[in-house]
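One letter stands for each residue in the lines below.
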Amino acid sequence: MRPAPRETPTLEDFARRIEREEVRGLFATFCAEVEGFPGVVVETAPFDARFVAHNGFVVRVSPYADLFLAAVGAACPCEMRVATREGLAAALDLAMRHFLDTAGASPPPARVTV
């Protein structure tokens, strides 16, 4: 008997959609790196995953058979097609720049006076 399908796919489910093993590894690396940014959480939908933080940081990844699409930013995202290590490095660089840009937008922590 087969288990009931999940309504929301996991990052591993998305990775299995990529046919080329090398690109599947790049996808896993990208997701692990971005998920590791402080304060970032993953939201999954049927066709893509979003990495978001409270300060406006948004990165959306969509897997395809031979590549994955990384869209960085919320209002007018910069989209990159990733299928090589060079593409992975460029996408991670763009995600990190966006993270650092939005980090300055978050409010400072509350001061505690004693």
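For the structure, check the block above.
Remember, it's a predicted structure, so these values are computed and weren't measured experimentally. (Residues numbered from 1 in each chain as written. Predicted model: local features only at pLDDT ≥ 70, side-chain atom pairs only at ≥ 80, totals over all residues. Heavy atoms only, no water.)

> What exactly am I supposed to notice about the pairing of strand β4 (residues 68-72) here?
Remark: a regular strand shows side chains that alternate across the two faces of the sheet. Of all five residues in β4, five are buried; the element is thus mostly enclosed. Following strand β3 (residues 58-63), the chain reverses through four residues before pairing antiparallel with β4. Between the antiparallel neighbours β4 and strand β5 (residues 78-82) lie five residues, among them G73 with a positive phi of about 110°. (Buried < 20%, exposed > 50% of the residue type's maximum accessible area, 1.4 Å probe, protein only. Helix = DSSP H or I, 4+ residues; strand = E, 2+ residues; numbered from the N terminus. Pairing = 2+ DSSP bridges.)

> When you look at the packing of aromatic side chains in this model, what are you seeing that I'm missing?
Aromatic rings in a pair are described by how distant their centres are and how their planes are angled relative to each other. By the definition in use, this model includes five aromatic pairs. Taking 5.1 Å as the distance between ring centres and 45° as the angle between the ring planes, the aromatic pair formed by F37 and F99 counts as tilted. Of this pair, F37 sits in the loop between α2 (21-35) and β1 (41-44) while F99 sits in helix α3 (residues 85-103), and the two are 62 residues apart along the sequence. Classification of F37 as buried rests on a relative accessible area of 8%. Following the ring pairs from residue to residue traces out a cluster consisting of F27, F30 and F68. (Phe/Tyr/Trp six-rings, centres within 6.5 Å; stacked < 30°, edge-to-face > 60°.)

> What should I look at first to understand the sheet that holds β1 in this one?
Strand pairing in a sheet relies on backbone hydrogen bonds. The paired strands run either parallel or antiparallel. The strand order β1-β2-β3-β4-β5 describes an open sheet built from five strands, whose pairing is antiparallel. At either margin of the open sheet sits one strand with a lone partner, and together these are β1 and β5. On average, adjacent strands in this sheet sit at an angle of 20° to one another, irrespective of strand direction. Pairing analysis gives five bridges linking β3 to β4, with the strands arranged antiparallel. Counted as the bridge partner of R60 is A71 from β4. Packing against the sheet, α3 makes contact with β3, β4 and β5, and its axis sits at approximately 155° to β5. (Axes fitted to C-alpha atoms, helices over the stretch in contact; angles between N-to-C directions. Contact = heavy atoms within 4.5 Å.)

> Please explain the nonpolar core as it appears in this structure.
For soluble globular proteins, the rule of thumb is that nonpolar side chains tend to be buried together. In terms of nonpolar packing, the biggest core is built from 28 residues, with F30, F51, F57, V61 and F68 touching the most fellow members. Residue assignment for this core shows that the elements contributing at least two residues are α1 (11-16), α2, β2 (49-52), β3, β4, β5 and α3. Sorting elements by how many residues they give to this core places α2 first, with six residues. Residues in contact with F51, not counting those within four places in the same chain, are L11, C31, V34, E35, V40, V41, V42, F57, V58, V59 and V61. (Core = buried A, V, L, I, M, F, W, Y, C linked by side-chain atoms within 4.5 Å.)

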